[in-house]
Amino acid sequence: MAFLPRHGAHHDFPPHLINYRANLWAQRSLGVRQVLAPCAVGGLSTDVAPGDLVVPDQLVDRTSGRASSYVERGAVHLPFADPYCPRVSGALVAADPGVRRGGTMVVIEGPRFSTRAESRWYAAQGGTLINMTGAPEAALAREQRMCYAALALVTDMDAGAEDGEGVGQEEVFALFRSNLDRLTGLLTAAIAALPDPDGCACSTWADGLELTYEVP
Ligand SMILES: [Zn+2]
C-alpha cells in the first residue's frame, strides 16, 4: 500500500496547482493498481448533509487549465462514461453501512469557493457534491490503467444550498479533522477487502490499443 497526500505533506499545493499527472504516475510506478481517493466536498443537494460519507458514481469536470491527460500525441481516447471503478467503489460502500452510494460530483477549478448563483446552477444541473480535486485525478488514474474510486466527506453545504454565510475554510477543515478516525477506519477495512484488480475494465480498456504515453 502507498499513501500520497495530494496537497503535499504540509498542504503546500492548492487544488489548482497540484501536479496530478506526477501523483498518479508515482503511484503507478510503485506498482499501485487500485486508488482510493478520499476528499472533502461541499453538498449541493439536500440529499446529503455535513458529516455524510458518499461514494459518487458520476463526475462533471468544470476545471480549466490543468494538465488533464498523459496523451500528448496521436489518437488515444479514454472511455470515461462511468468515471469510477465499480468494484473498488463497492469495496468502499461495503466497508461502512452508513456510506451513501451514488451521486454526481462537480469539480471546480478553485481555489475560491463558488458564488451562490454558481452553486445553485450546479445543483439545478444535477450535481450532488462539489469539490476541487476530483478531476483530472480520476481520468489520469484510468489512463494509467488503474482502478479509481472516490470517498467524499461532506464538510459543508455549498453557498447556494442554504441561506447562511456561505462556505468558509475553517468549518471545512474542522469537520474534516473530526471525521479522520472514521475515514481511516473505513479505508483500512476497504483496503483489506479490495477485489483482485486483474481483468477490471479500468485496465483492460487499453488492451490492443497503441498508447502514445508510457504506463510504468
Ligand atoms: Zn476497476
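Above: the structure in question.
Residues numbered from 1 in each chain as written. Predicted model: local features only at pLDDT ≥ 70, side-chain atom pairs only at ≥ 80, totals over all residues. Heavy atoms only, no water.

Chemist: What should I look at first to understand the sheet that holds strand 4 (residues 100-101) in this one?
Modeler: What holds strands together in a sheet is hydrogen bonding between their backbones, with the strands either parallel or antiparallel. Taken together, seven strands build an open sheet; the order of strands is 3-5-6-1-7-2-4 and the sheet is mixed. One side of each edge strand has no neighbouring strand; the edge strands of this open sheet are strand 3 (58-62) and strand 4. Relative to strand 7 (residues 147-157), strand 1 (residues 34-43) runs parallel, the two sharing ten bridges. The residue bridging leucine 36 from the neighbouring strand is alanine 149, located in strand 7. (Pairing = 2+ DSSP bridges. Helix = DSSP H or I, 4+ residues; strand = E, 2+ residues; numbered from the N terminus.)

Chemist: Whenever I open this one, the coordination of the zinc ion confuses me. Can you help?
Modeler: Reference geometry at the metal: tetrahedral coordination by four donors gives ideal angles of 109.5 degrees; octahedral coordination by six donors gives 90 or 180 degrees. With distances of 2.3 Å, the protein atoms coordinating the zinc ion are Cys85 (SG), Cys147 (SG), Cys200 (SG) and Cys202 (SG). Geometry at the zinc ion is tetrahedral, judged from its four donor atoms and the angles of 106 to 113° they form at the metal. Here the donor residues of the zinc ion are spaced in sequence according to C-x61-C-x52-C-x1-C. Here cysteine 147, found in strand 7, pairs with cysteine 202, found in helix 7 (residues 201-204); they are 55 residues apart in sequence, far enough to count as distant. No difference in accessibility class separates cysteine 147 from cysteine 202, as the two residues are buried. (Donors = N, O, S within 2.8 Å, 3.2 Å for Na, K, Ca; no water. Tetrahedral: all angles 85-135°; square planar, octahedral: opposite > 155°, others 65-115°. Buried < 20%, exposed > 50% of the residue type's maximum accessible area, 1.4 Å probe, protein only.)

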